[in-house]
Amino acid sequence: MGCDELIESLRKEADAKIRQIWKEAEEEAGVIRADLSRGLEAMKQEGPYGQPLKNDVVNILLEAESRARIIKLEYEDRFSARLYSLAASCLGFLRDENYAEIFGRLTLDLPSYEWGKVTVNPRDSGLAKEYYPEAEIAADSDIAGGMAVENKGGDVKVINTFEKRLERSWPQMLPDLLGDIRRETMDNGTPR
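It should be emphasised that the depicted structure is a prediction, and the values quoted were computed from it without experimental measurement.

**Let's talk about the side chain of N160**
With respect to the helices and strands, the residue N160 is situated in strand β4 (residues 157-161). Here the side chain of N160 touches L106 through a polar contact of 2.8 Å, landing on its backbone oxygen. Polar side-chain contacts of N160 include one of 2.8 Å to the side chain of R165.

**Side note on helix α5 (residues 162-185)**
In this model α5 runs just 28 Å from its N-terminal to its C-terminal C-alpha over 24 residues, more than 12% under the 34 Å that 1.5 Å per residue would give. Approximately 60 degrees is the largest bend angle found in α5, and it occurs at W170, with the proline P171 only one to four residues beyond.

**Digging into the packing of aromatic side chains**
Summed over the entire model, instances satisfying the criterion amount to five aromatic pairs. Ring centres of Y99 and F162 lie 6.0 Å apart, and the angle between their planes is 90 degrees; on these two criteria the pair is classed as edge-to-face. With Y99 in helix α3 (residues 99-108) and F162 in helix α5, the pair connects residues that are 63 residues apart, well separated along the chain. Judged by its relative accessible area of 7%, Y99 falls in the buried class. An aromatic cluster is built from Y99, F103, Y131 and F162, whose rings are joined through pairwise contacts.

**Describing the nonpolar core**
In a soluble, globular protein the nonpolar side chains are often hidden away together inside. F79, L83, F103, V118 and M147 are the most contacted members of the largest nonpolar core, which totals 30 residues. Of all the secondary-structure elements, those providing two or more residues to this core are α1 (3-46), α2 (51-89), α3, β1 (115-120), α4 (125-131), β3 (146-151) and α5. Looking at this core element by element, the count peaks at six residues for α5. If we skip the residues at most four places from it in the chain, L83 touches W170, L174, L178 and I181.

**Quick word on the sheet that holds strand β2 (residues 136-139)**
Across the sheet, which stays open at both edges, the four strands sit in the order β2-β1-β3-β4 with mixed pairing between neighbours. Of all the strands in the sheet, just β2 and β4 have a single pairing partner and so form its edges. Taken pair by pair, the neighbouring strands of this sheet meet at an average axis angle of 20 degrees, ignoring direction.

**Structural notes on the environment of Y113**
Note that Y113 resides in the loop between α3 and β1. In the structure, Y113 is positioned 38 residues away from N151 in sequence and 7.6 Å away in space, judged by C-alpha atoms. Not counting residues within four places of it along the chain, the set of residues in contact with Y113 comprises N151 and V156.

**Description of the pairing of β4**
One ladder, built from five bridges, connects β3 with β4; its direction is antiparallel. Each residue of the ladder has a partner; that of A148, found in β4, is I159. Hairpin geometry of β3 and β4 is characterised by an intervening segment of five residues between the two adjacent antiparallel strands and by a positive phi of about 80 degrees at G154.

**Here we look at the pattern of salt bridges**
Within the structure shown, the criterion is met by seven salt bridges. Ionic pairing is found between R69 and E65, a salt bridge with its closest N-O pair at 4.0 Å. Taken together, the residues span about one helical turn, with R69 and E65 both in helix α2 at a distance of four residues. For E65, a relative accessible area of 43% corresponds to the partly exposed category. In this structure, D124 engages R95 in a salt bridge whose closest nitrogen and oxygen atoms are separated by 2.6 Å. Taken together, the residues span a long stretch of sequence, with D124 in the loop between β1 and α4 and R95 in the loop between α2 and α3 at a distance of 29 residues. Here D124 falls in the buried class, since its relative accessible area comes to 1%. You can call R95 buried: its relative accessible area is 13%.

Cut-offs and rules
Residues numbered from 1 in each chain as written. Predicted model: local features only at pLDDT ≥ 70, side-chain atom pairs only at ≥ 80, totals over all residues. Heavy atoms only, no water. Helix = DSSP H or I, 4+ residues; strand = E, 2+ residues; numbered from the N terminus. Polar contact = N/O pair within 3.5 Å; in protein donor to acceptor, adjacent residues only side chain to side chain. Expected span 1.5 Å × (residues − 1). Bend = angle between axes of the 7 residues up to and from the residue. Phe/Tyr/Trp six-rings, centres within 6.5 Å; stacked < 30°, edge-to-face > 60°. Buried < 20%, exposed > 50% of the residue type's maximum accessible area, 1.4 Å probe, protein only. Core = buried A, V, L, I, M, F, W, Y, C linked by side-chain atoms within 4.5 Å. Contact = heavy atoms within 4.5 Å. Pairing = 2+ DSSP bridges. Axes fitted to C-alpha atoms, helices over the stretch in contact; angles between N-to-C directions. Salt bridge = Lys/Arg side-chain N within 4 Å of Asp/Glu carboxyl O.

Here you go:
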């Protein structure tokens, strides 16, 4: 499977997951609306609309709005976790073109130090040896790209991997991603 096919497959999987999350959110909202409707109907049958009844209606509406917000936040949190997982699974694609140059730039981001151990993706052992000829080179297949370094005593460590960079930038990226996804999946305010 080529890179384009894999990206398209991930995009289709994400679209299906988005539709499922929207469906679940809409079903939960329907339950809340039904509860609200039953509560209002029960109040109408209790007697004439007086001030205490209006307060009950306001309280029910406020509670329903609060529950709806909580549900929306829970679904957004689940969806955000799914997006993060998808983004992390795509980090390997950053290795495709000019990776040696990218690796070199990542080494420049590190402070000048005599690094005793450099941990990299197994495919990067040669690159790491070029940049850190005196260091012990360790392989970690959980690293998509970049490196983790530590001094000889082990008391100074710096992680400059694709995974750590994603983790650090995720809070800034997420709102834009969610906005883009909402625009793409919403058609006149309703999910596709």
